[in-house]
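Close look at the chain arrangement
Spelled out, the chains give:
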Amino acid sequence: MTHEQTQKITAHIPVNLLHEAQAVTGKGITETVKIALNQLAHAGSYEALRKMRGKIKFSIDLEDLRKDK
């Protein structure tokens, strides 16, 4: 297992928000914060993908893909 570099932080977070987030993740504080930060870090990529919706043409025939099973 590789260890990524970490940084210890102190953050003032509303208790109810933290508890709600932990209820969703089912994890502790550190894991919940890591999940939230990861989702925020990837939000720009998700938005870029949404903007591309319907703009990319595929040359693959759906029926050909189904026959290939």
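Before reading on, note that the structure itself is shown above.
All of the points below concern the structure found in this document. (Residues numbered from 1 in each chain as written. Predicted model: local features only at pLDDT ≥ 70, side-chain atom pairs only at ≥ 80, totals over all residues. Heavy atoms only, no water.)

A closer look at the overall build of the chain
If you tally the helices and strands in the chain, you get three helices and zero strands. The secondary structure elements of the chain, listed N-terminal to C-terminal, are α-α-α. Projecting the C-alpha coordinates of the chain onto the three principal axes gives extents of approximately 55 × 30 × 25 Å. Within the chain, buried positions represent 4% of all 69 residues. Just so you have it, the chain exposes about 7100 Å², and 57% of that area is on carbon and sulfur atoms. Taken together, the 11 basic and 8 acidic charged side chains of the chain have centroids lying 4 Å from each other. (Helix = DSSP H or I, 4+ residues; strand = E, 2+ residues; numbered from the N terminus. Buried < 20%, exposed > 50% of the residue type's maximum accessible area, 1.4 Å probe, protein only. Areas by Shrake-Rupley, 256 points an atom, 1.4 Å probe, with all protein chains shown as cover. Lys, Arg positive; Asp, Glu negative; His and termini not counted. Charge placed at Lys NZ, Arg CZ, Asp CG, Glu CD.)

Things to note about a nonpolar patch on the surface
Together, Tyr 46, Leu 49, Met 52, Ile 56, Phe 58, Ile 60, Leu 62 and Leu 65 make up a nonpolar patch on the protein surface, roughly 860 Å² of accessible area in all. Looking at the nonpolar patch, the elements with two or more residues in it are α2 (29-52) and α3 (62-67). The dominant element in the nonpolar patch, judged by the number of residues it contributes, is α2, at three residues. Take Leu 65: its relative accessible area is 46%, and that puts it in the partly exposed class. (Patch = residues over 30% accessible without salt bridge, like charges linked within 9 Å, V, L, I, M, F, W, Y side chains within 5 Å. Salt bridge = Lys/Arg side-chain N within 4 Å of Asp/Glu carboxyl O.)

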